[in-house]
Amino acid sequence: TPGGVARISEEKILVTIRVRPLSPKEQAAYDLVAWDFPDEQSIISKKLIHERHAGPYSFDYVFDPTCSTSKVYEQGAKDVALSALNGINATIFAYGQTSSGKTFTMRGITESAVNDIYEHIKFTTDRDFVLKFSAIEIYNETVVDLLNRESGSLRLLDDPEKGIIVEKLAEEIVKDGQHLRTLIGTCEAQRQMGETALNDKSSRSHQIIKLTIESSIRENSGRVKSFLAALNLVDLAGSERALQTSADGTRLKEGSHINRSLLTLTTVIRKLSGGKSGHIPYRDSKLTRILQPSLGGNSRTAIVCTMSPALSHVEQSRNTLCFATSAK
Ligand code: ADP
Ligand code: MG
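Sequence order as written defines the numbering, with residues in each chain counted from 1. Naming scheme: in the order in which they are written, chains are lettered from A and ligands are numbered from 1. Under the rules for a predicted model, residues below a pLDDT of 70 receive no local features and side-chain atom pairs below 80 are neither given nor counted, while totals for whole chains, interfaces and linings still include all residues. Side-chain metrics in this entry use all non-hydrogen atoms of the structure; hydrogen atoms and water are not considered.

A. Examining the site of ligand 1 more closely. Residues are counted as near a molecule or strand when any one of their heavy atoms sits within 4 Å of it. For ligand 1, the full set of nearby residues is Arg18, Arg20, Pro21, Gln97, Thr98, Ser99, Ser100, Gly101, Lys102, Thr103 and Phe104. Any N or O atom pair separated by 3.5 Å or less is treated as a polar contact, with the protein-specific requirement of one donor-capable and one acceptor-capable atom, and with residues adjacent in sequence counted only for side-chain atom pairs. Contact distances for ligand 1 include 3.3 Å between an oxygen atom and a backbone N or O atom of Ser100. Phe104 is positioned such that a nitrogen or oxygen atom in its backbone is 2.8 Å from an oxygen atom of ligand 1. Here the accessible surface of atoms and residues is derived via Shrake-Rupley with a 1.4 Å probe, and residues count as covered only by protein chains that are part of the display. When ligand 1 is considered free in solution it has 560 Å² of accessible area, and contact with the protein chains removes 64% of it. Only DSSP runs of H or I with at least four residues qualify as helices, and only runs of E with at least two residues qualify as strands; both kinds are numbered from the N terminus onward. Residue contributions to the shell around ligand 1 peak at 3 residues, all from helix 5 (residues 102-123). Nonpolar residues are Ala, Val, Leu, Ile, Met, Phe, Trp, Tyr, Cys and Pro. Charged residues are Asp, Glu, Lys and Arg, and all others, Gly as well, are polar. Here the residues of the shell around ligand 1 sort into 2 nonpolar, 6 polar and 3 charged.

B. Structural view of the pairing of strand 7 (residues 128-139). Accessibility here uses a 1.4 Å probe with only protein chains present; expressed as a share of the type maximum, an area under 20% marks a residue as buried, one over 50% as exposed, and anything in between as partly exposed. The buried fraction of strand 7 amounts to 9 of the 12 residues, a majority that puts the element mostly inside the structure. Paired strands, as defined in this entry, are two strands with at least two bridges between them according to DSSP. Relative to strand 12 (residues 172-173), strand 7 runs antiparallel, the two sharing 2 bridges. Across the sheet, Phe133 pairs through a bridge with Glu172, a residue of strand 12. Taken together, the 4 bridges between strand 7 and strand 8 (residues 142-145) define a ladder with antiparallel strand orientation. Its bridge partner lying in strand 8, Ile136 is registered against Asp145. Linking strand 7 back to strand 8 in an antiparallel pair, the connection comprises 2 residues, with Asn140 at a positive phi of about 55 degrees.

C. Spotlight on the environment of Leu82. On the secondary structure map, Leu82 appears in helix 4 (residues 78-83). Classification of Leu82 by relative accessible area gives buried; the value is 12%. Through-space distance from the C-alpha of Leu82 to that of Asp116 is 7.8 Å; in sequence the pair is 34 residues apart.

D. Highlighting the packing of aromatic side chains. Any two rings among Phe, Tyr and Trp, with Trp reduced to its six-membered ring, count as a pair given centres within 6.5 Å; such a pair is stacked if its planes are under 30 degrees apart, edge-to-face if over 60, and tilted if neither. Scanning the model with the defined rule gives 2 aromatic pairs in all. Ring centres of Tyr95 and Phe323 lie 3.9 Å apart, and the angle between their planes is 20 degrees; this geometry places the pair in the stacked category. Taken as a pair, Tyr95 in strand 6 (residues 89-95) and Phe323 in helix 9 (residues 314-327) lie far apart in primary sequence, 228 residues in all. Owing to a relative accessible area of 5%, Tyr95 belongs among the buried residues under this scheme. What makes Phe323 buried here is its relative accessible area of 2%. In this structure, Arg127 packs its charged tip against the face of Phe227, placed 4.2 Å from the ring centre. Note on geometry: a ring has a charge over it if NZ (lysine) or CZ (arginine) is within 6 Å of the ring centre and within 35 degrees of the ring normal. Taking the ring centre of Phe59 as reference, the NZ or CZ of Lys328 above it sits at 5.3 Å.

E. Layout of helix 7 (residues 260-274). Taking 1.5 Å of rise per residue, 15 residues should cover 21 Å, and helix 7 covers 21 Å from first to last C-alpha, within 8% of that figure. Regarding helix 7, the residues found buried are Ser261, Leu262, Thr264, Leu265, Thr266, Val268 and Ile269. Contacts between residues were defined by any pair of non-hydrogen atoms, one from each residue, lying within 4.5 Å. Those residues of helix 7 hidden inside the fold are in contact with strand 6, strand 7, strand 13 (205-218), helix 8 (286-295), strand 15 (299-307) and helix 9. Immediately beyond the C-terminal end of helix 7, within one or two residues, lies Gly275, with a positive phi of roughly 70 degrees. Helix span, expected: 1.5 Å multiplied by one less than the number of residues in the helix.

F. Looking closely at the packing of helix 7 against helix 8. To obtain each axis, a line is fitted to C-alpha atoms, and for helices this fit is confined to the stretch in contact; angles are then taken between N-to-C directions over 0 to 180 degrees. The interhelical angle for the contact between helix 7 and helix 8, taken along N-to-C directions, is 30 degrees, at an axis separation of 8 Å. In terms of orientation, helix 7 lies roughly parallel with respect to helix 8. The hand of the helix 7/helix 8 crossing is right-handed. Residues Ser261, Thr264, Leu265, Val268 and Leu272 of helix 7 lie in contact with helix 8, whose contacting residues are Lys286, Leu287, Thr288 and Leu295. Its residues placed into classes, the contact of helix 7 with helix 8 shows 5 nonpolar, 3 polar and 1 charged. Oblique is the label for any angle not covered by the other classes, which are roughly parallel (under 35 degrees), roughly antiparallel (over 145) and roughly perpendicular (65 to 115). By definition, turning the near helix anticlockwise from the far helix through less than a right angle yields a left-handed crossing, and turning it clockwise yields a right-handed one.

G. The pairing of strand 15, seen in detail. Of all 9 residues in strand 15, 9 are buried; the element is thus mostly enclosed. Burial along strand 15 is two-sided: Ser299, Thr301, Ile303, Cys305 and Met307 and Arg300, Ala302, Val304 and Thr306, pointing in opposite directions, are all buried. Judged from the 6 bridges that link them, strand 1 (residues 14-19) and strand 15 form a sheet pairing that is parallel. If you follow Val15 over to strand 15, its bridge partner there is Ile303. Two elements, strand 6 and strand 15, share 7 bridges in a ladder whose sense is parallel. For Ala90, the partnering residue across the bridge sits in strand 15 and is Arg300.

What follows is the structure in C-alpha cells.
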C-alpha cells in the first residue's frame, strides 16, 4: 500500500544474530558453547567467560543454534525482501567471520525469497512482472561477472541517469522460478570454481546476487503506476577482514589482509544507522558504490550477523556483536 511505503522507508536497519550449532570439528575438539540466549532478542556470554563485555546484547531477533533457516528468513529477511516487489530497493547481507554460516544462511534466505516472490507474483494477477537477474563477485576491489567470467574485470561507470552501472554486466530476463534457481546454481558453481583455483577465496570475496523487479498496474483513474526496485542478496567476505577493533572499540593495527569494501561498508552502515546527515563514504569502495542506491534513500536493509557458538571463537564473535550493535 502507498501508506506502507512511506512508513517502511523510514525504518531502521533490521539487525539479527544467527548462532550456528557447534561444528563436528569444534565438538571433536571439546569446544564449548560460550553464549546463552535469555530471550528471542538477546544474547549474553555464559558465566564462565570473563565478565567484561558479557552483554546482554539486544537485537531485532537472536536466532539460537536450534533455529531453522526458514525462521531466520521469516523474522530476519522476508519483509525486506518482499518490499522489492513494491518498488523499494532491498538489500540483505550476511556478515560474520569465516565459517560462521554466512553462505549457509544466504543460500537458505535466497531460496525462500525466490519461492515467496513467485508466490506473490502468482497471486498478484492485476500486475505484470518482469524480473532480471545478475550476479557479481568483488575480490580485491575487482568486479567479476558470475554469469560470464570471461568478461574479466568489469568497470564501474557513473551514468547521469541510471547512477552507478557495472559495465558489460550480463543481465538475464528470468522466465520463472525454476529458471531463477538455475541461474543461482550457475553462479554458485562459478564461485566454487574460483575457490579451488585460489584457496581461501570465499573469506576474501563478496558475492552479490541482484534481482531487478519491475511491474506496473492500471489504477481506476486509468493512470498506469510503475514499480521498479532491486533486491540484493549479499554474501560478504569474512568479517575478520574488516579493520580489527577490540571489544572496547580501540583500533588495532591495520594489516594487509584488510578488505577495503568490507571496511567501507561497516563505516557506511554505522553512519546510516547513526542517522546523522554528514558525509557517507559510498565512493570509497566498489561494494558501497554498487550498493549505494539500495542503502540510502528509499530502501530497506536487513543484516543477518552469523556467529560460531564456540568458546574458541569468542573474540571474533564479540567483534561481530559490536558491529551488529553499531548497525542498529
Ligand atoms: P561462511 O560462509 O561464513 O564461511 P559457511 O556457511 O560455509 O560459513 O558455514 C561453515 C560450515 O558450517 C558449513 O559446513 C555449513 O554447512 C555449516 N553451517 C553453517 N551454519 C549452519 C547451521 N545453522 N546449521 C548447520 N550447519 C551450519
Ligand atoms: Mg562462505
